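So you can see what is in the structure, the chains are spelled out below.
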Amino acid sequence: MGEIILDVRNQRTAFATARGMLNAVDGVSFTLERGKTLGVVGESGSGKSVLSRSVMRLLPGNSVVPSDSKVILNGKDLTRLSETELRRLRGPEMAIVFQDPMTSLNPVLSIGKQIMEVLMFHMGMKKGPAKEKAVELLRAVGLPQPDVRVNQYPHQLSGGMRQRVAIAIAIACEPDLLIADEPTTALDVTVQAEILDLLQRMVKERNMAMILITHDMGVVAGRCDEVAVMYAGRIVEKAPVRELFNNTRMPYTAALLSSIPKVTDPPHRKLDAIEGRPPDLINPPQGCPFAPRCKFAGPECEEQVPPLEGPGAHQYACVKPLGEEVAA
Amino acid sequence: MRYLLYRLRRLAIVLAAVTFVTFLLVNVLPGDVAYEMAGMDSSEEEVQEIREELGLDRPVVIRYFEWVGGVFVGDWGTSFISSEDVWHAVTDRFPVSFELMLLAQILALAMAIPAGMASAFRPNGRADRIIGALAFASVSMPSFMTAILLIFVFALGLGWLPATGYEPLSSGLWANLKPMILPALSLALVEWTILMRTLRVEMISVLQENYIALARAKGMSNLRILWVHALRPSSFSMITLLGLQVARLLGGTIIIEQIFGIPGVGRLLIHAVYTRDFVVIQGCVTFFALAFVTANFLVDIAYAWLDPRVRTRGSHG
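Every value quoted in this text rests on a predicted model; they were computed, and no experiment measured them.

**Some points on the overall build of chain A**
A tally of helices and strands in chain A yields 10 helices and 12 strands. Relative to a compact globule of 328 residues, whose C-alpha radius of gyration would be 20 Å, chain A shows 21 Å and is just as compact. Here the C-alpha coordinates of chain A stretch approximately 70 × 50 × 45 Å along the principal axes. Considering chain A as a whole, with its 328 residues, one finds that 45% of them fall into the buried category. At a minimum sequence separation of 6, the contacts of chain A that also span at least 24 residues come to 64%.

**Points about the packing of helix α5 (residues 86–121) of chain B against helix α11 (residues 236–260) of chain B**
Residues and elements named next belong to chain B. Across the interface, α5 lies against α11 with an axial gap of 10 Å and an inter-helix angle of 120°. With respect to α11, the element α5 is oriented oblique. For the crossing formed where α5 meets α11, the hand is right-handed. Facing Ser97, Leu100, Met101, Ala104 and Gln105 of α5, the residues of α11 in contact are Leu242, Val246, Leu249, Thr253 and Glu257. Across the contact of α5 with α11, the residue classes break down as 6 nonpolar, 3 polar and 1 charged.

**A look at the UniProt feature "domain: ABC transmembrane type-1" (unreviewed entry) in chain B**
Sites flagged by UniProt as "domain: ABC transmembrane type-1" (unreviewed entry) map to residues 94–303 of chain B. Structurally, residues 94–303 of chain B is divided into 83% helix and 0% strand, and its ends, taken at the C-alpha atoms, are 27 Å apart.

**Focus: the UniProt feature "domain: ABC transporter" (unreviewed entry) in chain A**
Following the UniProt record, the feature "domain: ABC transporter" (unreviewed entry) maps to residues 8–257 of chain A here. Secondary structure content for residues 8–257 of chain A is 39% helix and 26% strand, and the end C-alpha separation is 26 Å.

**Things to note about the UniProt feature "transmembrane region" (unreviewed entry) in chain B**
Residue and element names in this part refer to chain B. The positions that UniProt labels "transmembrane region" (unreviewed entry) are, in the present scheme, residues 100–121, 133–160, 180–199, 239–260 and 280–306. Each end of residues 180–199 is marked by a C-alpha atom, and these two atoms are 27 Å apart; helix forms 100% of the span and strand 0%. In residues 239–260, the share of helix is 100% and the share of strand is 0%. The end C-alpha atoms are 28 Å apart.

**Remarks on helix α9 (residues 210–217) of chain B**
Across the 8 residues of α9 of chain B, 7 count as buried, placing the element largely inside the fold. What α9 of chain B keeps buried is the set Tyr211, Ile212, Ala213, Leu214, Ala215, Arg216 and Ala217 of chain B. Contacts made by the buried residues of α9 of chain B are with α1 (48–56) and β7 (94–97) of chain A together with α8 (173–206) and α10 (222–234) of chain B. Note on α9 of chain B: the residue one or two positions beyond its end, Gly219 of chain B, has a positive phi of about 85°.

**Some details on the domain arrangement of chain B**
Residues and elements named next belong to chain B. Taken as a whole, chain B is organised into domain 1 (10–72) and domain 2 (88–316). Computed over C-alpha atoms, the centres of domain 1 and domain 2 are 35 Å apart. With 14 residues of domain 1 at the contact, the number on the domain 2 side is 11 residues. Looking at the side of domain 1 that touches domain 2, the elements that each hand over two or more residues are α1 (2–28) and α2 (33–38). The element contributing the most residues to the side of domain 1 that touches domain 2 is α1, with 8 residues. The residue inventory of the side of domain 1 that touches domain 2, partitioned by class, reads 9 nonpolar, 3 polar and 2 charged.

**What about the sheet that holds β7 of chain A?**
Residues and elements named next belong to chain A. Pairing in this open sheet of 7 strands is mixed, and the strands run β7-β8-β9-β3-β10-β11-β12 from one edge to the other. Of all strands in the sheet, those with a lone pairing partner are β7 and β12 (315–316), marking the two edges. On top of the sheet, α1 reaches β3 (37–41), β7, β8 (177–181), β9 (209–214) and β10 (226–231); it is set at about 155° to β8, its chief contact. Packed onto the sheet, helix α10 (residues 251–258) meets β3, β10 and β11 (234–240) and runs at close to 100° relative to β10.

**Overview of the interface of chain B and chain A**
Facing 19 residues of chain B, the contacting portion of chain A comprises 24 residues. For the side of chain B that touches chain A, the elements supplying multiple residues, two or more each, are α9, α10 and α14 (308–316) of chain B. The leading source of residues in the side of chain B that touches chain A is α9 of chain B, at 6 residues. Its residues assigned to classes, the side of chain B that touches chain A shows 8 nonpolar, 5 polar and 6 charged.

Thresholds, definitions, all that
Residues numbered from 1 in each chain as written. Chains lettered and ligands numbered in written order. Predicted model: local features only at pLDDT ≥ 70, side-chain atom pairs only at ≥ 80, totals over all residues. Helix = DSSP H or I, 4+ residues; strand = E, 2+ residues; numbered from the N terminus. Rg over C-alpha atoms; globule rule 2.2 N^0.38 Å. Buried ≥ 20, exposed ≤ 12 C-beta atoms within 10 Å, placed from the backbone. Contact = placed C-beta atoms within 7 Å. Axes fitted to C-alpha atoms, helices over the stretch in contact; angles between N-to-C directions. Parallel < 35°, antiparallel > 145°, perpendicular 65-115°, else oblique. Left-handed = near helix turned anticlockwise from the far one by under 90°. Nonpolar A, V, L, I, M, F, W, Y, C, P; charged D, E, K, R; others polar. UniProt positions renumbered as here; feature names shortened; annotations may be inferred. Domains from an automatic or database assignment. Pairing = 2+ DSSP bridges.

In structure tokens, the structure reads:
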């Protein structure tokens, strides 16, 4: 067992809306060790991004988090810290890379300034050394001509380069936890792999822990140690990556996997999309939230929400898990 | 460079249009400067005589071009009433009006920026509602009424500042500023609300941007986020308004200068309008147009400073 960096216990995040309370994250627990990467997979609206913001404590004003939810980072319970105390942790202990690098950098500040301000605020560096360090960071994330680029503005950089800058900002203060919230979704396919490789290398080199949020099962496959599949604000299956792919138990995970088109498929084959839509999170259905869309669902699935459990590291929230029909 | 030439061409067009239209308007007004010069009890013949002497009986267009020709050789004409050289009359007084306008805009910005930020930080929060109510009260009062209230409170009541008067800059910065504060404030109290509401709206949407979320995730303080990350991208509309407001301020200064007894262009212009002293009117109006165009030119430069994207576009094109 390595050192536990992050321990999330029963995280619930709800939003007060005009129609009622929307439970975006509904009782999520997991731990993350130093040097490891947790992949969080799910379709749009499954609560992945809200989960990442709940960990960073960057939630909007209409959000409600009950007091039994805990986020423990390096032994500190973030839910008990004041805004000022949290501010000191954002950067040096936890950092985030957002989805869209076209909008996540400030258009009126040079990229150098945007890196330097983190170093100056958190590390107490002076302007000169901070600039040198910024150039060094830009070099580390593989930005060509870092000493020129440092004075440029975001609009002078391509999407892939901007995401490298965003990564440089995130790793500037050597955080223990890096959250990558769909870091490649807005990028060209050709640079996606480069950015993911870069993230992976940074995690290895700097011995961080990473939460890699994505809706792409393919991204998770080669790059994570463990994978959590989210649906309707809950983790519905969690396992070491190899185990999850080889021994899928939750029908939702199986459906996600089979919806990826394969190179070996004959041309013009219909995509295996999942029928129906994700449930309404304001008035969730009784029982398993996936039951209305599940091919294997029976009446027992609608009785109550199945808990996330299972032997050892492989856990799943399903009344009728795959691979057990024969045994039963 | 090409941009500058383009600007100058526009300046020429604006000046030509403004001066010609004022020339026409003064001409359309009943009565002329000849009546004023001849005096109350003069006969129609005497007035006509003066008119012919001054060349006022000739067509408007010809007189206009005569005036334009004069300006090009540095002859702005001489006041019919006071026989003062117009160039001197205007350049003596214009800096005073200019100082008043500049102070008013600085005060307006100094109020609008912090208030707009505080409002935008929590829209519909307590600060926003208090500032909104204050702004509404302040914009509802015309500047001349605000001026009288300010005189009543700060000059007559508290005796902190003089009610009227003007001191040149040569008698010291504070001596110069002291009598200017109340007049500038009377103008600013109307202008700041418009700037503030504009900044507020734009900043509310900027604060929703991803780069603001990233600044928060970087651990930046709220103050730093507002001043460093959000202010510049939020101030485009406000800066545009700042330039356009110069036109309104020019009108405002005329009234305020009357109330506070400030020897600016305003008083010169009002007197000239009453006496139909058109060369003086022309001189003032030309300076006003110049001031307006210059202010908006500065606004364009400010865009480039505010947004690096404008800068690079300029250097390519």
